[in-house]
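Notes for the structure review
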Amino acid sequence: MLDTKDFNFFESQSTFDFKGFLLRIVGYWKWFVLSLLITFIIAYNVNIRKESVYGMESLIVVEDQNNPFFTSNTSLVFNWGGTSDKVQTIITTLKSRSHNEVVVDKLQYYIQYLKEGEYYFKDAYGEVPFYVEIDKSKGQLFGQLIKVKFLSPSQYELSVDFGEATSASVMQYADLVIKPVNVSGGEYKQVFKINETVDVPFLHLKLMIKPEAFDYTNQEFFIRFDDFNGTVANYRGIDVSADSKALSVVRLQMEGSNKYRLVEYLNTTVEVLRKIQLDSKNQFANNTINFIDSTLREMEGQIKEAENELKEFRKGKNIFELEEEGGGGLLSAKLSGYDVEKDVINRKIAYYNLLKNYLEKTTDYSKLPAPTVAGIDDPNVVGNVTKLIQLSAERANMSYSIKNKKMFSDFDVEMESTKKVLLENIASAKSALSLDLSLINRNISKAEGEASLLPENKQEHIKITRKYNLKDKIYSTFLEKRSEAEIVKAANISDINFLDPAKDVGGGLRGPKTSVNYILAAMFGFLLPLLVVFVITLLDNSINTTEDIRKLTSIPLIGVIGNKNTENNLSVFEKPKSPLAESFRAIRSSLQFMYKKQQKEGSKILMLTSSVSGEGKTFCSINLATVFALSDKKTVIVGLDLRKPRIFGDFNIDNITGVVNYLIGQKTIDEVIQKTHIPNLDVIPSGPIPPNPSELLMSEAMAEMIQELKTKYDYIVLDTPPVGLVSDALELAHFCDATLYVTRQGYTKKGMLNVVNDKHKRGELHNISIVFNGFQNKAKYGYGYGYGYGYGYGAYGEAYHDEVKPKSGWRKVLGKFQKNS
């Protein structure tokens, strides 16, 4: 009964050999070394060509800075809000386009100062001994390197290489317009003096030397004018975040190749923000001051007019008589007091009317004056007006940087609710003021009734005095409030303060991450050849080890043959003590044991076949016959591969007559047998190629030839065609006592063993054994070092074998070339 291995061929073939894969990896170690060498060279070149990247940071704190002049006695009341809403606004502002435009324009970071390095142009901002002042209203050469070479402490050479171009682009930084200008091709070169204005079609600037600069003669630098918007976009990448433990602390971080530029930008962006925030904070006071100033300008003329009128009336009259006689002075003072009270109420009503009209007809509330300017100290009104001004200013700032409609909608909802509350406050306040105004009017009417009883000249004096006192009191009140607003404004400080300004204290290197590049190089240098080896392993369907044979078939393995060690196929004869010769002797011993077990007497017939051509069938036939002959056994090799006769060449005999001549009756057996130079070994070549090889091998003449050879020889070795290509060998199988199926390492496909398995199962091939030819003990075949060729020759001492000198490297290459050719 046949082994179940014969039926599990495909299952065995699909099993992945991890041990063989690992050994194959070891066999291709040169690939891994070469791959790692290449990837590390690439990583090294990448690292040395990259600019160093530094990181700088600064810390700011957002606080509520209360004005020390805000007391309960201060007429002007302001409310700036808390820090809860400010931090997010500040973070958003620092990353906004409009804010960074201001900073970039102030620092003129669109002007690049460069110095040529070995692999790249280095950002030399802060290191160059000069700076340039440009005329923003005129065009500057855009995006092209401008070379500056100092010829002396007072002169420099400016040059630009236009190549073959006849036009260039210039940018006007005042309006960011790019225009073309005509230039003459080639290199522009001209000498200028320090502080001299450069006025050429493509440049309008002045080069200034820094006060601390020294020893810069013969040095070369470059400047380049970059795109303003592109520069702003780069700096909008600033990392701004609130501290998770202290929400009022904001951390600013930037990365770049120039530490001086990073430090300056981080500090300047905060200073600009502080100024903007303080200006916004002072806006309430500025609005109040502007309102008071406009009122005072109007009242100056009115006071002058009232003063002149009073002087004119009093001219030539007794003032004491006018003021004291009949109580005129007290009555005048009473009426003046009522007038002031009425004016205060009227100013409040006028402010409320102005505020209501403002709320109903406009959406920008940032210019509202303080309610206290009209004497309004209602905390609800003051608080809501302050809140409305703050929300309006914040919304205006956010409109430059935020495109989130939901955030604007939230602001609008809050402003609308504040406006509604304020309108209700106005309505209730005006109602109360109307009652107060009615009461004052009654008091004034009563006092005026009393005054009407006085003489006419006293009545006129009281009238003029009332008018003057009212104007003077109002003017004094507004002057007082303006002084308070100025004090408040001067005492205001920004809510943004530095905790830790940016500073270069050394270090700060963030990149390039050379270690990461080397790690990636090691990873890719190992993975790429590993992937190649894995693909080779997956696609390799060849028999590489004896274990492959055992997995694929139950047919016994009779021997393992190493690589040929001679130029021709007579390896055993030429090197009888070599390991290769011992492997054939081991097979001979196994065959003799097999014949003995079969109790086979007399002549023995051995057939060698294979799957396809090129597996070493003829090589094995010749050398196996040689070991029989060298043991004093009469042996003959019969070349039965009639389609591709090869066996004659190694013995230096011709193929004119042979098997074919005997089978067709042209020659006798003795006429086709040819002697060789090897004792006891004869050869019958195939002879001329016939048109019907299969029919000849099936003929009676073939059986007769075998019978005749049995009478003459101890061993008959049949070199037959491959069974995987033609059926000739199957026709000869019944003549044979044993069949050797030759496979070759790395050449015979695993599927070929399925063919011989089928023929063995059907009984077409009997007493069959497998010879593993061309074996190399190399890990690239998935076979570990130290296995040995086995089956006899690996256990002999070194002195027993011929010394085999290893070939030098160039001889190996030459040998492979000759072999391939």
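Since the model is a prediction, treat every value here as computed from it, not as a measurement.

**Structural notes on the overall build of the protein chain**
- Looking only at helices and strands, the protein chain features 25 helices and 25 strands.
- Counting over 821 residues, the protein chain shows a buried share of 45%.
- Considering only contacts within the protein chain whose residues lie at least 6 apart along the sequence, 79% involve residues at least 24 apart.
- Counting only carbon and sulfur atoms, one obtains 53% of the accessible surface of the protein chain, whose full area is about 41900 Å².

**So, the side chain of threonine 748**
- Structurally, threonine 748 can be placed in the loop between strand E24 (738–744) and helix H24 (752–761).
- Here threonine 748 falls in the buried class, since its relative accessible area comes to 1%.
- The residues contacting threonine 748, other than those within four sequence positions of it, are Asn541, Ser542, Ile543, Ser611, Glu615 and Thr743.

**Looking at the pattern of salt bridges**
- Within the structure shown, the criterion is met by 19 salt bridges.
- For aspartate 504, the salt bridge identified is with lysine 259, shortest N-O distance 3.2 Å. Pair noted here: aspartate 504 is in the loop between strand E16 (496–500) and strand E17 (509–511) and lysine 259 is in helix H7 (residues 259–281), with a separation of 245 residues, a long-range link.
- For lysine 259, a relative accessible area of 19% translates into the label buried.

**Quick notes on the nonpolar core**
- Formed by 64 residues in total, the largest nonpolar core has its most connected members in Phe202 and Leu203.
- The dominant element in this core, judged by the number of residues it contributes, is H7, at 7 residues.
- With near-sequence residues (within four places) excluded, leucine 203 lies in contact with Gly139, Gln140, Leu141, Ile146, Leu158, Val198 and Phe225.
- If you look at the next biggest cluster of nonpolar residues, it comprises 44 residues, including Ile555, Val636, Ile673 and Tyr741.

**Considerations on the sheet that holds strand E5 (residues 140–141)**
- Strand order in the open sheet formed by 3 strands is E5-E8-E9, and the pairing between neighbours is antiparallel. Two strands lie at the open edges of the sheet, namely E5 and strand E9 (177–182), each paired on one side alone.
- Both E5 and strand E8 (residues 167–172) contribute to a ladder of 2 bridges, which runs antiparallel. Residue pairing across strands places leucine 141 opposite valine 170, the latter belonging to E8.

**Considerations on the sheet that holds strand E12 (residues 203–209)**
- With respect to topology, 3 strands assemble into an open sheet ordered E4-E12-E11, the strand pairing being antiparallel. Because the sheet does not close on itself, it has two edges, and the strands there are strand E4 (130–134) and strand E11 (197–200). Neighbour-to-neighbour, the strand axes of the sheet open up by a mean angle of 25°, direction not taken into account.
- Relative to E12, E11 runs antiparallel, the two being bridged by 4 bridges. Within the sheet, the bridge partner assigned to valine 198 lies in E12 and is leucine 205.

**Looking at the environment of leucine 423**
- Relative to the assigned elements, leucine 423 resides in helix H12 (residues 405–451).
- Judged by its relative accessible area of 27%, leucine 423 falls in the partly exposed class.
- When the C-alpha positions of leucine 423 and leucine 359 are compared, they lie 8.0 Å apart, and in sequence the two are 64 residues distant.
- Once residues lying within four places of it in the same chain are set aside, the contact partners of leucine 423 are Lys356 and Leu359.

**Here we look at the pairing of E12**
- Of all the 7 residues making up E12, 5 are buried; the element is thus mostly covered by neighbouring parts of the structure.
- Bridge count for E4 against E12 is 5 bridges, and the pairing is antiparallel. Along E12, the bridge assignment pairs tyrosine 131 with methionine 208.

**Examining the packing of aromatic side chains**
- Taken as a whole and assessed by the stated rule, the structure comprises 26 aromatic pairs.
- Each ring, one from phenylalanine 32 and one from phenylalanine 526, has its centre 5.2 Å from the other, and the planes form 40°; the classification is tilted. Within this pair, whereas phenylalanine 32 is found in helix H3 (residues 29–48), its partner phenylalanine 526 is found in helix H14 (residues 514–539), the two being separated by 494 residues in sequence.
- Between phenylalanine 772 and phenylalanine 775, the ring centres sit 5.9 Å apart and the planes meet at 55°, which makes this aromatic pair tilted.
- With a relative accessible area of 1%, phenylalanine 775 lands in the buried category.
- Through a chain of ring-to-ring contacts, three or more aromatic side chains come together here, namely Tyr109, Tyr113, Tyr125, Phe130, Phe150, Tyr156, Phe192, Tyr216, Phe221, Tyr235, Tyr260 and Tyr265.
- In this structure, lysine 634 packs its charged tip against the face of tyrosine 713, placed 5.5 Å from the ring centre.

**Observations concerning the packing of helix H17 (residues 579–597) against helix H18 (residues 617–630)**
- At their nearest, the axes of H17 and H18 sit 9 Å apart, and the two run at 75° to each other. With respect to their mutual orientation, H17 and H18 come out roughly perpendicular. On H18, the residues touching Leu580, Ala581, Phe584, Arg585, Ile587, Arg588, Leu591 and Gln592 of H17 are Phe619, Cys620, Asn623, Leu624, Val627 and Phe628.
- Looking at side-chain class alone, the contact of H17 with H18 contains 10 nonpolar, 2 polar and 2 charged residues.

**What about the pairing of strand E15 (residues 249–256)?**
- Sheet analysis places strand E1 (residues 53–62) next to E15, joined by 8 bridges and oriented antiparallel. By the bridge assignment, isoleucine 60 is partnered in E15 with valine 250.
- By the bridge criterion, 4 bridges tie strand E14 (residues 239–242) to E15 in an arrangement that is antiparallel. Across the sheet, residue alanine 242 finds its bridge partner in E15, namely valine 250.
- Once E14 ends, the chain turns through 6 residues before running back antiparallel as E15.

**Some remarks on helix H2 (residues 18–27)**
- Among all positions of H2, only Gly20, Phe21, Arg24 and Ile25 are buried. Down the axis of H2, the buried set is contained in an arc of 145°. They therefore lie on one face. For H2, exposure combined with an orientation more than 90 degrees from the buried face picks out Lys19 and Leu22.
- Buried residues along H2 sit in contact with H3 and H14.

**So, unusual backbone geometry**
- Backbone geometry at asparagine 195 places phi at a positive 70°, although glycine is not the residue there.
- A positive phi angle, near 50°, is found at aspartate 215, a position not held by glycine.
- Along the polypeptide, aspartate 215 turns up in the loop between E12 and strand E13 (220–225).

**A look at the confidence of the model for the protein chain**
- Of all residues in the protein chain, 80% attain a pLDDT of 70 or more, and the chain-wide mean is 79.
- Mean pLDDT values for the elements of the protein chain range from 44 in helix H1 (residues 9–13) up to 95 in E13.
- When the criterion is pLDDT under 50, residues 816–821 qualifies, and its contacts beyond four places in sequence or with other chains add up to 1 contact.

**Overview of the environment of alanine 701**
- By secondary structure assignment, the location of alanine 701 is in helix H22 (residues 700–712).
- A sequence separation of 36 residues divides alanine 701 from glycine 665, and the C-alpha atoms of the two residues are 8.1 Å apart.
- With residues up to four places along the chain from it excluded, the contact list for alanine 701 reads Tyr662 and Leu663.

**What about the packing of helix H5 (residues 97–107) against helix H6 (residues 228–235)?**
- For the pair H5 and H6, interaxial distance at closest approach is 9 Å and the crossing angle is 115°. As summarised for this structure, H5 and H6 are arranged roughly perpendicular, according to the angle between their axes. For the pair H5 and H6, the crossing hand works out as right-handed. Of the residues in H6, those in contact with Arg97, Asn100, Glu101, Val104 and Asp105 of H5 are Phe228, Asn229, Thr231, Val232 and Tyr235.
- Here the contact of H5 with H6 is composed, by residue class, of 4 nonpolar, 3 polar and 3 charged.

**Some thoughts on a nonpolar patch on the surface**
- Together, Val516, Leu520, Met523, Phe524, Phe526, Leu527 and Leu528 make up an exposed nonpolar region whose accessible area comes to about 600 Å².
- Residue classification places phenylalanine 524 among the partly exposed positions, given a relative accessible area of 44%.

Thresholds applied
- Residues numbered from 1 in each chain as written.
- Predicted model: local features only at pLDDT ≥ 70, side-chain atom pairs only at ≥ 80, totals over all residues.
- Heavy atoms only, no water.
- Helix = DSSP H or I, 4+ residues; strand = E, 2+ residues; numbered from the N terminus.
- Buried < 20%, exposed > 50% of the residue type's maximum accessible area, 1.4 Å probe, protein only.
- Contact = heavy atoms within 4.5 Å.
- Areas by Shrake-Rupley, 256 points an atom, 1.4 Å probe, with all protein chains shown as cover.
- Salt bridge = Lys/Arg side-chain N within 4 Å of Asp/Glu carboxyl O.
- Core = buried A, V, L, I, M, F, W, Y, C linked by side-chain atoms within 4.5 Å.
- Pairing = 2+ DSSP bridges.
- Axes fitted to C-alpha atoms, helices over the stretch in contact; angles between N-to-C directions.
- Phe/Tyr/Trp six-rings, centres within 6.5 Å; stacked < 30°, edge-to-face > 60°.
- Lys NZ or Arg CZ within 6 Å of the ring centre and 35° of its normal.
- Parallel < 35°, antiparallel > 145°, perpendicular 65-115°, else oblique.
- Nonpolar A, V, L, I, M, F, W, Y, C, P; charged D, E, K, R; others polar.
- Arc of directions from axis to C-beta.
- pLDDT = per-residue confidence, 0-100.
- Left-handed = near helix turned anticlockwise from the far one by under 90°.
- Patch = residues over 30% accessible without salt bridge, like charges linked within 9 Å, V, L, I, M, F, W, Y side chains within 5 Å.

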